[in-house]
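Coordinate analysis (summary)
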Amino acid sequence: MSSTPSNTPTHPQLRTNSLGLSELVFQAVTHIAPASNVIFAFPIIALKAGPVMPLSLLLATIVCLFIGNTVSQFSSYMPSSGGYYSFATRGLGSRTGFMATWSYLIYEIPGNAGLTGFLGYFVSDMLHTEFKINVPWWLISLATIALVWTLTYRGIQLSARITAMLGGIEILIILAMSITFLIHPGKGSSYTAPLNPANAPNHFAGVLAGMVFSILALSGFEAPAPMAQEAKRPASFVAKAITLSLFAIGGFYIFTSYAAAIGWGTGDMAAFASNANPYYVLGHAFWGAGWWAVVLALINSAVGVGLAATNATSRVMYTMGRAGTLPAKFARIHPVYQTPTYAIGFFLIACTISILLVGFLLNPDTIFNFLETVATLAVIVLYIMSNLALTRYMRRRQPAHFSALQHGIVPWIATLCLLPVLFITVYPRPAWPYNITPYIFVAAMFLGFVYMRQREYANPGSLDRAAALLTHAGPASETVSE
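This structure is a prediction, so every number in the text was calculated from the model and none was measured. (Residues numbered from 1 in each chain as written. Predicted model: local features only at pLDDT ≥ 70, side-chain atom pairs only at ≥ 80, totals over all residues. Heavy atoms only, no water.)

Digging into the overall build of the chain
Where we set the bar: Only DSSP runs of H or I covering at least 4 residues are called helices, and only runs of E covering at least 2 are called strands; the numbering of each starts at the N terminus. Radius of gyration means the value over C-alpha atoms here, while the globule rule gives 2.2 Å times the residue count to the 0.38 power. Remark: exposure states derive from per-residue accessible area (1.4 Å probe, protein chains only) relative to the maximum for the residue type, with buried under 20%, exposed over 50%, and partly exposed in between. It only takes one pair of heavy atoms within 4.5 Å for two residues to be counted as in contact. To be clear on the numbers: accessible area is Shrake-Rupley with a 1.4 Å probe, and residue cover counts the displayed protein chains and nothing else. Under this rule, positive means Lys or Arg and negative means Asp or Glu; His and the chain ends count for nothing. To locate a charge, the coordinates of NZ of Lys, CZ of Arg, CG of Asp or CD of Glu are taken.
Helix and strand content of the chain: 18 helices and zero strands. Taking 2.2 N^0.38 as the reference for a compact globule, 482 residues should give roughly 23 Å; the C-alpha atoms of the chain span a radius of gyration of 22 Å, in line with that estimate. Taken along its principal axes, the extent of the C-alpha atoms in the chain is 65 × 50 × 40 Å. Split into buried and exposed, the 482 residues of the chain put 59% on the buried side. If you take every contact in the chain between residues at least 6 apart in sequence, the share linking residues at least 24 apart comes to 83%. For the chain, the computed accessible surface area is about 18600 Å², with 67% contributed by carbon and sulfur atoms. Positive and negative charge centroids in the chain, built from 23 and 14 side chains respectively, lie 10 Å apart.

In structure tokens form, the structure reads like this:
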């Protein structure tokens, strides 16, 4: 048992050699949230690409493989529980690296909170509409947070196995529904229409516009990186997990978007895009009472994202606590479960506060779009900075292994593809309350800058010492004592 003295180190550490390749793949898959994106993102993609969603998602998968190359390369050369903190700090230096990691925290906290909060609203609304049962939305959200907290607190192996199970269930449900769509095509559907760019609004320009939103639907693939210290063969498995998850979910999106266009009707995709919940309509039409399987897939997706995001972000915070850029309490490890309990609690409390603030100050039906927009801005900045960090790191610290294609051209192409994503997130100016999300992101980044300066003032040289620890301790930098 893990509580025996022989298996518990004198100074508790993360549980090593706990995660195989399959667990790491599902860590990425569930963090991407495939079921949630199929239900919520596909109508947005259809607004731009019409029935040609599969082509937009194919191009987006290629771009995300370019972005994933950055994380895979870093994970191969320096696998670390610090994830982006280790990568950005070694590539860009202590201060820029800290700010890149702060952007990662801004991405993960509202990203997880947005889906968990909206789950509460969605299930509460469905219970009231279908059964006249009134359950407060915030109670469902808090129950989800409590479940995630319990599972991630009690050990990485338990939470990773449940993550894999939930990820598998949500994918099977959406695949089953997609097959139903293909067997029962909508009125006026053409099986070849989704393959012809001319069928998109504005033709190929519509395909490209749909690609912009499709990239966001694939974000989250980097989640295996912070699990490196707990993974088997981390230098190999983390990079493979990132690539495999992108191929798997990219293919899943291409197939399910094709099926959705066929099932709805390829000649009427404007109605699909404008419908408040087209999968609710399709589920009722094809499965009758079985449409609740779609709700089950969404619940699975929200819980799975919560587990994956909590595990990943808590490991980054843990490493920052060991390095001294966050308070030392973030590096606390449970002596039995070998999990970073303080970091887990802090992350989930921050998510809870985000959910309640947006839900009560605005409206619960705005939680998803509002918080996910903030997360989108943060992840775009994070990906761009990481791409820059890879080129600089390989040229300066791994010159013998530097490849102009893999470490120069590919990350720069990925960065150029991300710029239009950033642009469309803020322009045209969104309606209230989404028009304030860029200011919230900027304010959160400014708060991080103030914290960084205060940390340096109170403890001169702390950032540089942390950077030196990450740079010189090698991939196993986590073994340095506090």
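Section: the side chain of Thr310
Of note, Thr310 is situated in helix H13 (residues 292-323). Taking relative accessible area as the criterion, Thr310 reaches 0% and is therefore assigned buried. With sequence-adjacent residues up to four places away left out, Thr310 is seen in contact with Val148, Thr152, Val305, Ile344, Phe347 and Leu348.

Section: the confidence of the model for the chain
Let me state the cut-off plainly: Per-residue confidence from the predictor is reported as pLDDT, which spans 0 to 100.
Residues of the chain with pLDDT of at least 70 account for 95%, and the chain-wide mean is 89. Taken element by element, the chain is modelled with least confidence in helix H18 (residues 462-472), mean pLDDT 69, and with most confidence in helix H14 (residues 341-361), mean pLDDT 97. In the model, residues 1-9 has pLDDT below 50 throughout and makes ten contacts with residues more than four positions away in sequence or in other chains. A low-confidence stretch, residues 472-482 (pLDDT under 50), is modelled with 26 contacts involving residues beyond four sequence positions or located in other chains.

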